[in-house]
Amino acid sequence: MTTTAQSQAPITQERLIRTAIPGPQSQAMHARRAEVIPPGVGAALPVYIAAAHESIVVDIDGNQFIDFASGIGVTTIGHTDDAVVAAVAEQAALFTHTCFTVTPYEGYVRVAELLAQHTPGTHAKRTMLCNSGAEAVENAVKIARKYTGKNAIGVLDHAYHGRTNMTMAMNFKNSPYATGFGSLGTSVFRAPNSYPYQDGLSGEEAAERTIWYFEKQVGAADLAAIFAEPIQGEGGFMVPADGYLTLLQEWCHKNNVVFVADEVQSGMARSGTYFASEGLGLVPDLMTVAKGIAGGMPLAGVVGRADIMDAAHPGGLGGTFGGNPVSCAASVAVFDQIERLNLLGEAKRVENTLTAGLTALQKKYPLIGEVRGRGAMIAIELVIPGTKKPDAAAVKHVVDHGFQNGLLLLNAGTNYNVLRFLPNVRMTDELINDAMSVLDDAFASYTK
Ligand SMILES: *Cc1c(COP(=O)(O)O)cnc(C)c1O
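Just so it is clear, the model here is predicted, and its values are computed rather than measured. (Residues numbered from 1 in each chain as written. Predicted model: local features only at pLDDT ≥ 70, side-chain atom pairs only at ≥ 80, totals over all residues. Heavy atoms only, no water.)

> Explanation requested: the sheet that holds strand β9 (residues 286–289) in the structure shown.
The mixed open sheet is built from seven strands, whose spatial order is β4-β10-β9-β8-β7-β5-β6. Lying at the two open borders of the sheet, with one neighbouring strand each, are β4 (125–130) and β6 (188–191). Adjacent strand axes in the sheet meet at a mean angle of 20°, parallel and antiparallel pairs treated alike. Both strand β7 (residues 223–228) and strand β8 (residues 258–262) contribute to a ladder of four bridges, which runs parallel. Considered in β8, the bridge of F227 is made with V260. Taken strand by strand, helix α9 (residues 203–217) contacts β5 (152–156), β6 and β7, and its axis lies near 150° from that of β6. (Pairing = 2+ DSSP bridges. Helix = DSSP H or I, 4+ residues; strand = E, 2+ residues; numbered from the N terminus. Axes fitted to C-alpha atoms, helices over the stretch in contact; angles between N-to-C directions. Contact = heavy atoms within 4.5 Å.)

> What is the right way to look at the packing of aromatic side chains in this model?
Ring pairs (aromatic) are described by centroid distance and by the angle formed between their planes. On inspection of all chains with the given rule, the structure shows eight aromatic pairs. Considering the side-chain rings of F68 and F421, the 5.6 Å spacing of their centres and the 90° angle between planes classify their relative orientation as edge-to-face. Here the residue F68 occupies a position in the loop between β3 (64–67) and α3 (70–73), and F421 occupies one in strand β15 (residues 418–421), the gap between them amounting to 353 residues. Exposure class is identical for F68 and F421. Each is buried. Between W212 and Y213, the ring centres sit 5.3 Å apart and the planes meet at 85°, which makes this aromatic pair edge-to-face. (Phe/Tyr/Trp six-rings, centres within 6.5 Å; stacked < 30°, edge-to-face > 60°. Buried < 20%, exposed > 50% of the residue type's maximum accessible area, 1.4 Å probe, protein only.)

> Help me understand the packing of α9 against helix α10 (residues 244–254), please; the structure alone is not making it clear to me.
Packed helix pairs are characterised by how far apart their axes lie and by the angle those axes make with each other. Here α9 crosses α10 at 35°, and the two axes come no closer than 8 Å. With respect to the hand of their crossing, α9 and α10 are arranged in right-handed fashion. On α10, the residues touching G203, E204, A206, A207, T210, I211, F214 and E215 of α9 are Y244, L247, L248 and W251. The residue makeup of the contact of α9 with α10, split by class, is eight nonpolar, two polar and two charged. (Left-handed = near helix turned anticlockwise from the far one by under 90°. Nonpolar A, V, L, I, M, F, W, Y, C, P; charged D, E, K, R; others polar.)

> Explain the site of the ligand to me, please; I cannot follow it from the model alone.
With respect to spatial proximity, the complete set of residues near the ligand consists of S132, G133, A134, Y160, H161, G162, E229, D262, V264, Q265 and K291. Here a nitrogen atom of the ligand and a backbone polar atom of Y160 are 3.4 Å apart. Contact distances for the ligand include 2.7 Å between an oxygen atom and a side-chain N or O atom of K291. Relative to its unbound accessible area of 380 Å², the ligand is 83% covered by the protein chains. In terms of residue class, the shell around the ligand is built from three nonpolar, five polar and three charged. (Near = heavy atom within 4 Å. Polar contact = N/O pair within 3.5 Å; in protein donor to acceptor, adjacent residues only side chain to side chain. Areas by Shrake-Rupley, 256 points an atom, 1.4 Å probe, with all protein chains shown as cover.)

Printed below as a string of structure tokens:
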């Protein structure tokens, strides 16, 4: 464990660059890491973190970054939220593990109640908890297959569902997620999604195209489920055209196909509603949740229609750590904070400030092809001006410029030409506007 003087001091909410990035201590740590950790486990920016609070992460050299990554959309209510920290400490002192399928405890039940309450639809629901988004997707596949008695799984272009064996077959991109890792999970069929900026299709046209692909490639008689991210995450925050997912779900219902919304990235207050499905007027049959649901503690789940969830036989679902009591306590605290601090409203404020700043930059820099997204889930797609052709080099330039100047930014998109912003929903307008000035410099130095 490395502790630094900086990690003990209160963290000011500001960017602060004290050394080269990465600094000397991070460089030394990175050399240690290379001796024991394989390169397959990547690092977007190899600065090693000492502490974090609200919107700022501090590295072991004392540099401070405004966090637009949130650990890939996980610390949605901000780093080291008081209520989450207290809940974790309290539960850790009571017990850290019994295994819910050996001797259960209330926290798991409470999380299931809260998910039933805050996911779309008033029908009877059930929840099973697990450890990661990919594991939730894997479980949703099992449950949909058991319920329908069918095998095939439908996914969409540009989708991302995880890095386990089944989910790497469900991702759009083979590289880097599956290259060389052997035979993939079987019976996965892929169809074009709705991508209004690039395809120009209405929701109806896009749904017709998607359904045509599924009907021809596999057919409803063999299709157990369609998985769709309501707003695609790694794919680049594409908000589907109006009505697209509703039409897809209607087709599913006519054909005994389970409609699964993968809300791992778009869920839990991030989009300005509890789940992005709600904002799109959807009531999914099943939803997969993870990332932001437990304030940074590992927790994931499948939540959905009781009749579907109940199809799995006793003992068919579960795992040693699934629904860990400390993670559940953190999750209950996150739900409380969303209500207490009006964090759905805060996500909309972040959307307004971020969208206004990015739209102003778009007027200045024509390589910003589109500003899109919902809530604290906003992206810009960078293109060769006058075309819609991807400019991945521009994204790389802006991300690197951000790193050097105290912004943690992530790319996205099949072509790596999307810059995504995943701030916590409480990030102040002041910090967002400060970041916009860094981005302005980044674009100015690229265009030159
Ligand atoms: C991150 C993500 C996953 C995988 O979650 P892990 O916790 O990394 O396994 C699945 N689906 C979506 C939409 C994601 O963004």
